[in-house]
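So you can see what is in the structure, the chains are spelled out below.
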Amino acid sequence: MNRARWPQRTLRSAAAALLQTNRPVAPRDDDEIAAEVERNYRWNFSVNLIDGAFFWFGISFVSSATILPLFVRKLTASSLLIGLVAVIGQGSWYLPQLFTANFTERVPRKKPIVINLGFFLERLPLWFVVGAAALAGSSPTLALIVLLLAYAWHGLGAGMIAPAWQELIARCFPVDRRGRFFGTTMFIGAGTAAVGAGLSTWLLKTYPFPQNFSLTFAVAASAITVSWVSLALTREPEQAADAPHRSNRQFVAELPAIVRRDHNFRRFLVARALLALGGLGTGFITVSAIDRWQIADSTVGLYTAVYMIGQTVGNLAFGLLADRFGHKLSLEVGALTASLAFLLAMLAPSPGWIFAVFALLGITVGALLVSGILVTLEFSPPPRRPTYVGITNTFIGVTAIAAPMLGAWLAGLSYQWLFGAGTAINIAALIALRWWVREPRWAADPELTHPQEPA
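What this report covers is the structure whose coordinates are included nearby.

Calculation criteria
- Residues numbered from 1 in each chain as written.
- Predicted model: local features only at pLDDT ≥ 70, side-chain atom pairs only at ≥ 80, totals over all residues.
- Heavy atoms only, no water.
- Salt bridge = Lys/Arg side-chain N within 4 Å of Asp/Glu carboxyl O.
- Helix = DSSP H or I, 4+ residues; strand = E, 2+ residues; numbered from the N terminus.
- Buried < 20%, exposed > 50% of the residue type's maximum accessible area, 1.4 Å probe, protein only.
- Contact = heavy atoms within 4.5 Å.
- Patch = residues over 30% accessible without salt bridge, like charges linked within 9 Å, V, L, I, M, F, W, Y side chains within 5 Å.
- Areas by Shrake-Rupley, 256 points an atom, 1.4 Å probe, with all protein chains shown as cover.
- Phe/Tyr/Trp six-rings, centres within 6.5 Å; stacked < 30°, edge-to-face > 60°.
- Lys NZ or Arg CZ within 6 Å of the ring centre and 35° of its normal.
- Axes fitted to C-alpha atoms, helices over the stretch in contact; angles between N-to-C directions.
- Parallel < 35°, antiparallel > 145°, perpendicular 65-115°, else oblique.
- Polar contact = N/O pair within 3.5 Å; in protein donor to acceptor, adjacent residues only side chain to side chain.

### Quick look at the pattern of salt bridges
Here is step 1: Throughout the structure, instances matching the rule amount to 11 salt bridges.
Here is step 2: Notably, a salt bridge pairs E332 with K328, separated by 2.6 Å at the nearest N-O pair. With E332 and K328 both in helix α16 (residues 327-347) and four residues apart, the pair spans about one turn of that helix.
Here is step 3: By sharing partners, the salt bridges in this structure join E167, R171, E236 and R385 into a single network.

### Remarks on the environment of A240
Here is step 1: Inspection of the secondary structure puts A240 in the loop between α11 (211-231) and α12 (248-261).
Here is step 2: A residue is classified by how much of its surface remains accessible, and A240, at 42% relative accessible area, is partly exposed.
Here is step 3: A C-alpha to C-alpha distance of 46 Å links A240 and G198, two positions 42 residues apart in sequence.
Here is step 4: Setting aside anything within four residues of it in sequence, one finds A240 in contact with V25 and P108.

### Overview of a nonpolar patch on the surface
Here is step 1: On the surface, L336, L340, L343, L347 and W353 cluster together to form a nonpolar patch covering roughly 440 Å² of accessible area.
Here is step 2: The leading source of residues in the nonpolar patch is α16, at four residues.
Here is step 3: Within the secondary structure layout, L340 lies in helix α16.
Here is step 4: Judged by relative accessible area, which is 39%, L340 ranks as partly exposed.

### Quick word on the environment of L199
Here is step 1: Take L199: it is sitting in helix α10 (residues 175-206).
Here is step 2: For the pair L199 and F61, spaced 138 residues apart in sequence, the C-alpha to C-alpha distance is 8.8 Å.
Here is step 3: When neighbours within four sequence positions are excluded, L199 is seen to be in contact with F57 and F61.

### Description of the packing of aromatic side chains
Here is step 1: This model, assessed by the stated rule, comprises 25 aromatic pairs.
Here is step 2: When the ring of W93 is compared with that of Y94, the centres are 5.1 Å apart and the planes differ by 80°; the resulting orientation is edge-to-face.
Here is step 3: An aromatic cluster is defined as three or more aromatic residues linked by ring pairs; in this entry it consists of Y41, F45, F173 and F181.
Here is step 4: The ring of W43 has R235 sitting right over it, with the charged end atom 4.0 Å from the ring centre.
Here is step 5: The ring centre of F325 lies 5.4 Å from the NZ or CZ of R324, which sits over that ring.

### Comments concerning the packing of α12 against helix α18 (residues 385-413)
Helix-helix packing: each pair is described by the crossing angle between the helix axes and the interaxial distance.
Here is step 1: Put simply, α12 and α18 touch, their axes get as near as 11 Å, and they point 80° apart. In terms of orientation, α12 and α18 fall into the roughly perpendicular class. Contacts between α12 and α18 involve F251, L255, I258 and V259 on the former and, on the latter, T387, Y388 and I391.

### Things to note about the side chain of R171
Here is step 1: You can see R171 is positioned in helix α9 (residues 140-172).
Here is step 2: You can call R171 buried: its relative accessible area is 7%.
Here is step 3: Among the polar contacts made by the side chain of R171, one reaches the main-chain carbonyl oxygen of P108 at a distance of 2.8 Å.
Here is step 4: Leave out the neighbours within four places in its chain, and R171 touches V37, P108, R109, K110, E236, P237, Q239 and R385.

### Details of unusual backbone geometry
Here is step 1: Of note, the bond from F209 into P210 is cis; its omega dihedral lies within 30 degrees of zero at 5°.
Here is step 2: Looking at where P210 falls in the secondary structure, it is placed in the loop between α10 and α11.

So this is what it looks like as structure tokens:
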């Protein structure tokens, strides 16, 4: 019997060591934790800034809006498989978060989840994307299978650790400086991504297929590995876990009551889902330009550069805007720019217009990256942040997976129908955010008032 239980004990011990749950957490009051946060603020700002710079530089080389659709198009003419890349890119990060929220709440240290598990779940799979490009010349079908599996592994793995990462950010940065940190980090990251887009343009133009994609994906995997090293230097202010032990069934049973009780949160979920559904045509903008005007591969790299420049501007602007006025306004602006982007895509008479489309979409992504992530942290009390994050992002993930599938169907009918639907849905998201959802920073605490309102 003891021999039969040995593997289970070994696995539990290994998991405890990996997640550092075998180390006690000293009890501390809020003032002590706040003092540690201030003491390590500049250090954490710096190492997370470097993480963001390398991460976004690397991710620009595997962009699901430009680079990956181009690679898949060279392997297959199937709109469904091109749409599947968009499904993975838009939905995989969001979808798993609810399923790991219960576990995340009970673990006192979030950094081991982000770093120790994150290496295998999020960073390692990108090296298999490099392998997919190496297979493209000799076995296109196998290359396509490897690419889709590795990209899904990367996206789902990142989503599994995302509640812990967002809680780590919430612990390391005070609420009135999160927007500044996130906006600055994303600003620098998008700037390096714009440089990366220029380099990817040169690689795609200079080297023959599939060597050009092998080099492009190798840069992505290398940079994202470097970003992991920097993230590992974060100094987490350790806190005891207050969440009671609940089975997954008990945890899931609590969720409807949370959504039913919190009216503003429920309205936000609807508005945010509309914003996610509004991205149904993003993965087809590059493909439509190729089909309509036979643009060169190097032009796709330039589209990526413009996309990243728009994101760079959006990241910094929305970070500063959100610290002052809250995150809801940033999301409203993002919905507006998405509406304009799809309207331009629908009306574009020449490929030059697509540069403006990607610039506007980049601004939208800036709003979603900064405020779309951070706003959820302000709806919930601190002990339940992973749960609120999980509810929000999994709900969005389901919508984000449905969006490209609907987009693929509409693209089969007409790109005009597809981009017209994107325009209409984003306008609906803007209306819902503006006139239906209250800013949670002011709504959560009656003693807080909007900066423009008299105290």
